[in-house]
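Given next are the chains, with one letter for each unit.
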Amino acid sequence: MPEHTATSRLRLSGLCFLLQILNILLFAVFVRYSPEGSPGQCPSQLNCSRRNPDSGFQQPRFQDVHIQVLLSFGLLVALLSRYGPGSVAINILIIAFAIQWAVLLQGMFYFVLNGKIYVGAQSIVSADFCTAAVLISTGAVLGRVNPVQMLLLALLEVTVCSLNEYILLSLMGVSDRGRALTVHTFGAYFGLVVSRLLYQPHKDKRKREEQQDMGHQRDVFAVVGTIYLWIFWPNFTSSTTVHGNAENWAVLNTYFSLVASTVATFILCPVLYEESTPRMVQIQDATLAGMAVMGMAGEMLVTPFGALIAGFLVGLISPLGFRFFTPVLHSRLKTQDMCGVHNIHGLPGILGALLGTLLTLLATADTYGDRLELVFPLVAQGSRTVADQALMQLSALPLTLLFAALGGCITGCVLKTKTLRCSPDEQSIENTVFCEVAEEECDPRASSKELGISTVV
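The model shown is predicted, which means the values in this text are computed figures rather than measured ones.

Engineer: If you had to explain the overall build of the chain to someone new, which residues and values would you point to?
Structural biologist: From N to C terminus, the chain includes 15 helices and three strands. Taking all 457 residues of the chain together, the buried fraction comes to 58%. On the chain, roughly 18100 Å² of surface is accessible, and the fraction owed to carbon and sulfur atoms is 65%.

If you want it as structure tokens, here you go:
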């Protein structure tokens, strides 16, 4: 066992070395800081606001995005108690690598000029979004893959995610600045497909260990995660939104949605579970779902009561998914959703895309005024009709699911190869994520004595 663990450590060390050297070489050859006012070469018929790497950059917004990635998406995606330190460490590794890789790949699509990739602060913000999709995917397989597999998952997913985002946002001109599709939906179903291919039924026969402090620690993590989400997520959602009133709409609509989804949890959870009030992890899940549903529609004309309705509905759907659909996902579809990403990110992302499509049909100069050019520039310019734009918004959903499924299949096949699988060293399991955990351990409805992990992903 010690020899095997030493080999595993060296495998991770070697992979990190090779990937970092590759990034350094690629940055040295291609990446340059963007000069002020550098011209872009982008077809006039497309929305190319992202061609300027620093367009609309503001320091507070930049910080909000990083806080969300590091804390709400990263540090709090942790296997508690024995597995917490290692899980946090690997998530930081994923963030550190994925941001570099995303800057390179997105730069090749968006910021290439004269054979060079010109990057700025907005490039890092865009890379953060892609990294967030990777962290969502890890929530579906967390505890069942080793660090080497995690790193390879990030390598492959960032590649597919960047391609999907480029096709949707630039080539198709889809409006999804809050990333309901390209982050939440893509990340959730990419991870679920990988989880399906890594399914190991014999692992579910293991007995779950009991640990007295689990419920308390899980709730503490959930309290911290929920507070950070309430404070910083609205600006995270609007970080790539165009300036003007459209940005205010994105922030306010997100707030209205999350408060309604939180109230919905207090309505439904006591009915579904034998608890007078919801646990903090359930409130945390409702907060995430309520904000994910505003990813596409947030900057559109949802209206305050519309955002409340959307948040309330998704606040009901998420606990219903945990209660009824997650067991079916596991038993019938043979997919272990370790942290419930399907209910927290997948379903809300799909509902957000459908809501965005419906609202696109209502986008007229009378209803939007001057803001129409900010939200739907191609419609305002006359290059597209409202019906054409709505069709693009709707077609983006199956295309995202297709990319997530194909990318997940390729990644799952790579990760399940024999050379990448290894057993944990029982003596160092506290500081690694080589451990195998039961699928129920991530269920926030589990007993306070059962193993569990935070579901902030």
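Next comes the rest of the account.
Engineer: Give a description of the confidence of the model for the chain that names residues and reports values.
Structural biologist: The pLDDT averaged across the chain works out to 77; a share of 71% of its residues lies at or above 70. Mean pLDDT across the elements of the chain ranges from a minimum in helix H2 (residues 59–75), with 63, to a maximum in helix H15 (residues 386–415), with 94. Every residue in residues 78–84 is under pLDDT 50, and counting partners more than four places away or in other chains gives 36 contacts.

Engineer: Lay out helix H5 (residues 147–171) with the relevant residues and their values.
Structural biologist: Between the first and last C-alpha of H5 there are 35 Å, a value that for 25 residues agrees with the 36 Å anticipated at 1.5 Å per step. With 20 of its 25 residues buried, H5 lies for the most part within the structure. Its side-chain oxygen placed 3.1 Å from the backbone nitrogen of Val148, Asn146 serves as the N-cap of H5. Phi turns positive one or two residues past the end of H5, at Gly173, with a value near 70°.

Engineer: Hey, could you go over the nonpolar core for me, with residue numbers and the actual values?
Structural biologist: Formed by 84 residues in total, the largest nonpolar core has its most connected members in Trp101, Val158, Phe186, Tyr368 and Phe376. When residues of this core are assigned to their parent elements, the largest contribution, twelve residues, is made by H5. Apart from residues lying up to four places away in sequence, Tyr368 is in contact with Trp249, Met300, Leu301, Leu359, Leu362, Ala363, Val375 and Phe376. Formed by eleven residues, the second largest nonpolar core is a distinct cluster that contains Leu258, Leu268, Tyr273 and Phe322.

Engineer: How would you summarise the pattern of salt bridges if you had to cite specific residues and measurements?
Structural biologist: Scanning all chains against the criterion turns up two salt bridges. Between Glu165 and Arg179 there is a salt bridge, with its nearest N and O atoms 3.8 Å apart. Note that Glu165 is positioned in helix H5 and Arg179 in the loop between H5 and helix H6 (180–197), a separation of 14 residues in sequence. A salt bridge links Glu299 to Arg177, with the shortest nitrogen-to-oxygen separation between them at 2.9 Å.

Engineer: Please give an account of the packing of H5 against H15 that cites residues and values.
Structural biologist: Look at H5 against H15: their axes get within 10 Å of each other, and the N-to-C directions meet at 160°. Considering the angle they form, H5 stands roughly antiparallel to H15. Between H5 and H15 the crossing geometry is right-handed. Taking contact as the criterion, the partners of Gln149, Leu152, Leu153, Leu156, Val160, Leu163, Asn164, Ile167 and Leu168 in H5 are, on H15, Ala396, Leu399, Thr400, Phe403, Gly407, Thr411, Val414 and Leu415. Per-class residue counts for the contact of H5 with H15 are twelve nonpolar, five polar and no charged.

Engineer: Lay out the side chain of Thr265 with the relevant residues and their values.
Structural biologist: Of note, Thr265 is situated in helix H8 (residues 245–272). By relative accessible area, Thr265 is classed as buried at 2%. Dropping the residues within four chain positions of it, Thr265 is found in contact with Pro270, Pro278, Gln282, Ile283, Ala286 and Gly315.

Engineer: Describe the environment of Gly173, with residues and values.
Structural biologist: With respect to the helices and strands, the residue Gly173 is situated in the loop between H5 and H6. Residues Gly173 and Phe376 lie 203 residues apart in sequence; the distance between their C-alpha atoms is 8.7 Å. Discounting residues that sit within four places of it in the chain, Gly173 has contacts with Leu168, Arg384, Gln389 and Gln393.

Engineer: Pulling in residues and values, what's your account of the packing of helix H9 (residues 280–292) against helix H11 (residues 341–360)?
Structural biologist: Each pair of packed helices can be described by the angle between their axes along with the distance between the axes. Where H9 meets H11, the closest approach of the two axes is 8 Å, and the angle between their N-to-C directions is 20°. Here H9 lies roughly parallel to H11, going by the angle between them. For the pair H9 and H11, the crossing hand works out as right-handed. In this structure, H9 uses Asp285, Leu288, Ala289 and Ala292 to contact H11, whose residues at the interface are Asn343, Ile344, His345 and Pro348.

Engineer: Go over unusual backbone geometry, please, and point to the residues and values.
Structural biologist: You will see that Arg179, though not glycine, has its phi angle at about 65°, which is positive. The class of Arg179 is buried, set by a relative accessible area of 2%. Positive phi, close to 75°, is recorded for Thr303, a residue that is not glycine. Looking at the element boundaries, Thr303 is found in the loop between H9 and helix H10 (304–331).

Engineer: How would you explain the environment of Tyr189 if you had to name every residue and give the values?
Structural biologist: Mapped onto the fold, Tyr189 is located in helix H6. Spatially, the C-alpha atoms of Tyr189 and Gly346 are 6.6 Å apart, while their sequence positions differ by 157 residues. Not counting chain neighbours up to four residues away, the residues in contact with Tyr189 comprise His342, Gly346, Leu347, Ile350, Leu401 and Ala404.

Engineer: I'd like a rundown of the packing of aromatic side chains, residues and numbers included.
Structural biologist: Across all of its chains, the model carries three aromatic pairs by this definition. Measuring from centroid to centroid gives 6.3 Å for Phe97 and Trp101, while their planes differ by 15°, and the two rings are stacked. With Phe97 and Trp101 both in helix H3 (residues 84–110) and four residues apart, this pair spans about one turn of that helix. The class for Trp101 is buried, based on a relative accessible area of 12%.

Reading the values: the criteria
- Residues numbered from 1 in each chain as written.
- Predicted model: local features only at pLDDT ≥ 70, side-chain atom pairs only at ≥ 80, totals over all residues.
- Heavy atoms only, no water.
- Helix = DSSP H or I, 4+ residues; strand = E, 2+ residues; numbered from the N terminus.
- Buried < 20%, exposed > 50% of the residue type's maximum accessible area, 1.4 Å probe, protein only.
- Areas by Shrake-Rupley, 256 points an atom, 1.4 Å probe, with all protein chains shown as cover.
- pLDDT = per-residue confidence, 0-100.
- Contact = heavy atoms within 4.5 Å.
- Expected span 1.5 Å × (residues − 1).
- Polar contact = N/O pair within 3.5 Å; in protein donor to acceptor, adjacent residues only side chain to side chain.
- Core = buried A, V, L, I, M, F, W, Y, C linked by side-chain atoms within 4.5 Å.
- Salt bridge = Lys/Arg side-chain N within 4 Å of Asp/Glu carboxyl O.
- Axes fitted to C-alpha atoms, helices over the stretch in contact; angles between N-to-C directions.
- Parallel < 35°, antiparallel > 145°, perpendicular 65-115°, else oblique.
- Left-handed = near helix turned anticlockwise from the far one by under 90°.
- Nonpolar A, V, L, I, M, F, W, Y, C, P; charged D, E, K, R; others polar.
- Phe/Tyr/Trp six-rings, centres within 6.5 Å; stacked < 30°, edge-to-face > 60°.

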